[in-house]
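Topology and contacts: notes
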Amino acid sequence: VPAGTVEAGETPAEAALREASEETGLAGLRIVRYLGEDELDARPVADVVLRRHFFQLTVDGDPPAEWRHVEANAGDGGTYPFRLFWLPLAKAPLVAGGMTALIGRIFDSE
């Protein structure tokens, strides 16, 4: 699940598209809709409460079932290799860190 920080001058929607593109390497990402906002109390790992925005995205074309991508634009100057694959929605609760907190909203009528 791509995630990241909203940069200065960026909207949450712009940040979601940028982070998803940087972390997956996929072109043609588009926002389907905004799912909502949530907070995650990260203590005791970090003394911070994270305000998070969730978006449902789609991608143009037919993406691979599994692929590797190296994020070269990491905020700390490093590079991060990712092994990416699609996870069935039924297994979404297995994703750590509350990253799927609002995933059920995908099924809500608009």
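Nothing here was measured: the structure is a model prediction, and the numbers come from that model.

About the cut-offs
- Residues numbered from 1 in each chain as written.
- Predicted model: local features only at pLDDT ≥ 70, side-chain atom pairs only at ≥ 80, totals over all residues.
- Heavy atoms only, no water.
- Helix = DSSP H or I, 4+ residues; strand = E, 2+ residues; numbered from the N terminus.
- Buried < 20%, exposed > 50% of the residue type's maximum accessible area, 1.4 Å probe, protein only.
- Contact = heavy atoms within 4.5 Å.
- Salt bridge = Lys/Arg side-chain N within 4 Å of Asp/Glu carboxyl O.
- Core = buried A, V, L, I, M, F, W, Y, C linked by side-chain atoms within 4.5 Å.
- 1 Å grid on protein atoms, 1.4 Å probe; cavity = no way out; pocket = protein on both sides within 12 Å on 5 of 7 lines; lining within 4 Å.
- Points joined across faces, edges and corners; volume = space filled by probe spheres on them.
- Nonpolar A, V, L, I, M, F, W, Y, C, P; charged D, E, K, R; others polar.
- Phe/Tyr/Trp six-rings, centres within 6.5 Å; stacked < 30°, edge-to-face > 60°.

1. Details of the environment of T11
Note on placement: T11 falls in the segment before α1 (12-24). Looking at T11, the relative accessible area reads 36%, which means it is partly exposed.

2. Focus on the environment of S21
Counting through the fold element by element, S21 comes out in helix α1. Note: C-alpha distance between S21 and E71 (50 residues apart in sequence) is 9.3 Å. Apart from residues lying up to four places away in sequence, S21 is in contact with L26, L29 and H69.

3. So, the pattern of salt bridges
Pairs may arise between side chains of opposite charge once their charged atoms sit close together. The tally for this structure, following the rule as stated, stands at nine salt bridges. Close ionic contact of E37 with R51 constitutes a salt bridge, the shortest N to O distance being 2.5 Å. Of this pair, E37 sits in strand β1 (residues 29-41) while R51 sits in strand β2 (residues 49-59); the two residues are 14 residues apart in sequence, bridging distant segments of the chain. Using a relative accessible area of 41% as the deciding quantity, one classes E37 as partly exposed. Ionic contacts of the salt-bridge type, sharing partners, join the residues E7, E10, R18, E19 and E22 into one network.

4. Description of the nonpolar core
Buried together is how nonpolar side chains tend to be arranged in soluble globular proteins. Counting residues in each nonpolar core, the largest one holds six residues, listed as A20, L26, L29, V59, W67 and L84. Those residues in contact with W67 that sit more than four places away from it in its chain are T24, L26, F82, R83, L84, F85 and W86.

5. A look at the layout of surface pockets
Any empty space left between the atoms is revealed when a probe the size of a water molecule rolls over them. Volume-wise, the largest pocket comes out at about 1,600 Å³. Forming the boundary of the largest pocket are 42 residues, of which V1, P2, A3, F55 and L57 lie nearest the centre. Mapped onto the lining of the largest pocket, the elements with two or more residues apiece are α1, β1, β2 and β4 (80-85). For the lining of the largest pocket, the element with the most residues is β2, which contributes ten residues. Here the residues of the lining of the largest pocket sort into 30 nonpolar, seven polar and five charged.

6. Brief notes about the packing of aromatic side chains
On inspection of all chains with the given rule, the structure shows two aromatic pairs. Considering the side-chain rings of W67 and W86, the 5.5 Å spacing of their centres and the 45° angle between planes classify their relative orientation as tilted. Taken together, the residues W67 in strand β3 (residues 66-71) and W86 in the segment after β4 connect sequence positions 19 residues apart.

7. Observations concerning the environment of V95
Note that V95 resides in the segment after β4. Sequence separation between V95 and V1 is 94 residues, and the spatial gap between their C-alpha atoms is 8.1 Å. Apart from the residues within four sequence positions on either side, V95 is in contact with V1, L87 and T100.

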